[in-house]
Amino acid sequence: MYACAGAVAEDQKRTSWKEDRRRRSGPETLIRLDQQRDRPWFWQYGEWVDVVVDDRLPMLNGNYLSVQPRVSNEFWPSLLEKAYAKLRGSYQNLHWGFISEAMVDFTGGVQMDFNLTKPPSDLEDIVLAAARSGSLMGGTTPGNLHTGNIELQNGLVQGHAYTVTEGTQIEYNNRLEDIVRVWNPWGQGEWNGRWSDGMSCQDFMKYFVQVNICNHTPTFLDFGNPQYIWETTSYYNQWVRGSTAGGCGTIDDMWKNPQYMITVPESQGTKKGYNVTVALMQSISNERKYDPPWLPIGFAFCKVGAKGVKNGTQQKYSRQQATDIINSELERTREVTRSFMVPPGTYVILPSPKTRDKSRSSCLESS
């Protein structure tokens, strides 16, 4: 939560606090705050939810107990933290969470996470493009609850989430160097290696294990050359045990899951870069109903060659019609997002849980 709030603070002057701009991109879309009633709103599974809190804040020895505003007359971070703690159940539940979940809750956007131990070949281009587009970004250093937050010799804190506030490219020694600036929301424990306030993308990928990027539409994947309009479609459905919860044990099981069709037109198929992004989210209510709260989920992205069979208002496809299949990895997380570079044609998305013996609600969003 704190790394996400740090990103909000960096862009606070450019934020429009009253408008709900769910489908626009850029830093002005960060948090919706109703100024007339002084209460924040959070994005929860497809809708904005307002959280009512008073202005009584926990203090210890004259200081705020948790988040520390940077200036004495800055009140909104503590108020926001209290509202988010109420939404999540307690202040304790804000510790050791996932920056990806906070980014989505704060913005209503779609987040992408990249594993830096096996990054895509164009990750540096993605990070720089995301920074220039005003996307929220965060990075996580290696560590976990058992190792604790130890400050290393390079200044970074182990097992901690940082805000990525800027990315740029500079000339150095007759070559171009990609630089990102990371900021610790604690206000201390900053990188003290090469480039000091910033760090090279090579060092970033060496000392961080994950980077998260969040925006309302993945316009940064145009890599600074926007020529097309990203269109977003959302679908809400359920995996029903014994019916649409096919799981992914076999290829036949996979095709028993819900199906969603998209078409990549000729104009988009010639685009340089990514042209499809798919995000699959489990219902927020699962977190409070089940233990563990999240099922391992993923999806198959399939190119189909022939028309499907009419089933009500939808076309249904079979595995025999699939000419190419890309499977996302199964992840026990609230949301799984992947981007693709695909040629023109018709595609079917098959969201699936790991097994077919449980019923859960889900939301799929494609751009």
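Per an unreviewed UniProt entry, the protein goes by Calpain catalytic domain-containing protein and derives from Ranitomeya imitator. In its Sequence similarities (unreviewed entry) section, the UniProt entry covering the protein states "Belongs to the peptidase C2 family."

*Asks:* What is the right way to look at the overall build of the protein in this model?
*Replies:* Helix and strand counts for the protein stand at eight helices and 22 strands. A total of 367 residues make up the protein; the buried ones form 51% of that total. Pairs at least 24 residues apart make up 68% of the contacts formed inside the protein by residues separated by at least 6 positions. A total of about 18400 Å² of accessible surface is found on the protein, and carbon and sulfur atoms cover 48% of it.

*Asks:* Just to check I follow, could you spell out the confidence of the model for the protein for this structure?
*Replies:* Where the model shows low pLDDT, its predicted coordinates should not be examined in detail. On average, the protein scores 80 in pLDDT, and the residues at 70 or more come to 83%. The low-confidence segment residues 12-36, where pLDDT is below 50, has 66 contacts with residues more than four positions distant or belonging to other chains.

*Asks:* What am I meant to see in helix 2 (residues 76-88) here?
*Replies:* Owing to its 3.6 residues per turn, the α-helix brings residues three or four apart onto one side. Its 13 residues give helix 2 an end-to-end C-alpha distance of 18 Å, which sits within 8% of 18 Å, the value for a rise of 1.5 Å per residue. In terms of burial, helix 2 is largely enclosed, as twelve of its 13 residues are buried. Directly after helix 2, the chain includes G89, whose backbone phi takes a positive value near 110 degrees.

*Asks:* Help me understand the pattern of salt bridges in this model?
*Replies:* If charged atoms from side chains of opposite charge come close, those side chains can pair. Enumeration over the complete set of coordinates arrives at eleven salt bridges. With its nearest N and O atoms 3.3 Å apart, the salt bridge here joins R88 to E101. Here R88 is found in helix 2, whereas its partner E101 is found in helix 3 (residues 99-107), with 13 residues between them in sequence. Across the pair, E101 and R88 agree in class, each one buried. The salt bridge involving D252 is made with R319; its shortest N-O contact spans 2.6 Å. One end of the pair, D252, is in helix 6 (residues 251-254); the other, R319, is in the loop between strand 17 (314-316) and strand 18 (322-327), and 67 residues separate them in sequence.

*Asks:* I'm lost on the sheet that holds strand 7 (residues 136-140) in this one. Help?
*Replies:* Hydrogen bonds between backbone atoms are what pair the strands of a sheet, whose relative direction is either parallel or antiparallel. Strand order across the open sheet formed by six strands is 6-11-7-8-9-10, with antiparallel pairing between neighbours. In the strand order of this sheet, the two ends are held by strand 6 (110-115) and strand 10 (198-200), each with one partner. The mean angle between the axes of side-by-side strands here comes to 35 degrees, regardless of whether they run parallel or antiparallel. Across the sheet, helix 4 (residues 123-133) touches strand 6, strand 7, strand 8 (161-172), strand 9 (175-183) and strand 11 (210-215), and the angle it forms with strand 8 is around 105 degrees.

*Asks:* Teacher, can you tell me more about the nonpolar core here?
*Replies:* The tendency in soluble globular proteins is for nonpolar side chains to be buried side by side. Among the nonpolar cores identified, the biggest contains 27 residues, and V182, F204, F208 and F220 are the most heavily contacted of them. For this core, the secondary-structure elements that each account for two or more residues are strand 6, helix 4, strand 8, strand 9, helix 5 (201-207) and strand 11. The dominant element in this core, judged by the number of residues it contributes, is helix 4, at six residues. Setting aside its immediate chain neighbours within four residues, F204 contacts L116, G139, V164, V180, V182, M199 and V211. Core analysis: the second largest hydrophobic core is formed by 18 residues, I262, V278, F299 and V336 among them.

*Asks:* How should the packing of aromatic side chains be read in this particular structure?
*Replies:* Following the criterion strictly, the structure yields 13 aromatic pairs and no others. With a centroid separation of 6.3 Å and an interplanar angle of 75 degrees, the aromatic rings of F299 and F340 are classed as edge-to-face. One end of the pair, F299, is in strand 15 (residues 296-304); the other, F340, is in strand 20 (residues 335-340), and 41 residues separate them in sequence. Of the two residues, F299 and F340, both sit in the buried class. By way of ring pairs, the aromatic residues F299, F301, F340 and Y347 are connected into one cluster.

*Asks:* Just checking my understanding: could you explain the environment of I229 for this structure?
*Replies:* Counting through the fold element by element, I229 comes out in the loop between strand 11 and strand 12 (233-239). A C-alpha to C-alpha distance of 9.6 Å links I229 and T217, two positions twelve residues apart in sequence.

Here is what the cut-offs are and how they apply
Residues numbered from 1 in each chain as written. Predicted model: local features only at pLDDT ≥ 70, side-chain atom pairs only at ≥ 80, totals over all residues. Heavy atoms only, no water. UniProt positions renumbered as here; feature names shortened; annotations may be inferred. Helix = DSSP H or I, 4+ residues; strand = E, 2+ residues; numbered from the N terminus. Buried < 20%, exposed > 50% of the residue type's maximum accessible area, 1.4 Å probe, protein only. Contact = heavy atoms within 4.5 Å. Areas by Shrake-Rupley, 256 points an atom, 1.4 Å probe, with all protein chains shown as cover. pLDDT = per-residue confidence, 0-100. Expected span 1.5 Å × (residues − 1). Salt bridge = Lys/Arg side-chain N within 4 Å of Asp/Glu carboxyl O. Pairing = 2+ DSSP bridges. Axes fitted to C-alpha atoms, helices over the stretch in contact; angles between N-to-C directions. Core = buried A, V, L, I, M, F, W, Y, C linked by side-chain atoms within 4.5 Å. Phe/Tyr/Trp six-rings, centres within 6.5 Å; stacked < 30°, edge-to-face > 60°.

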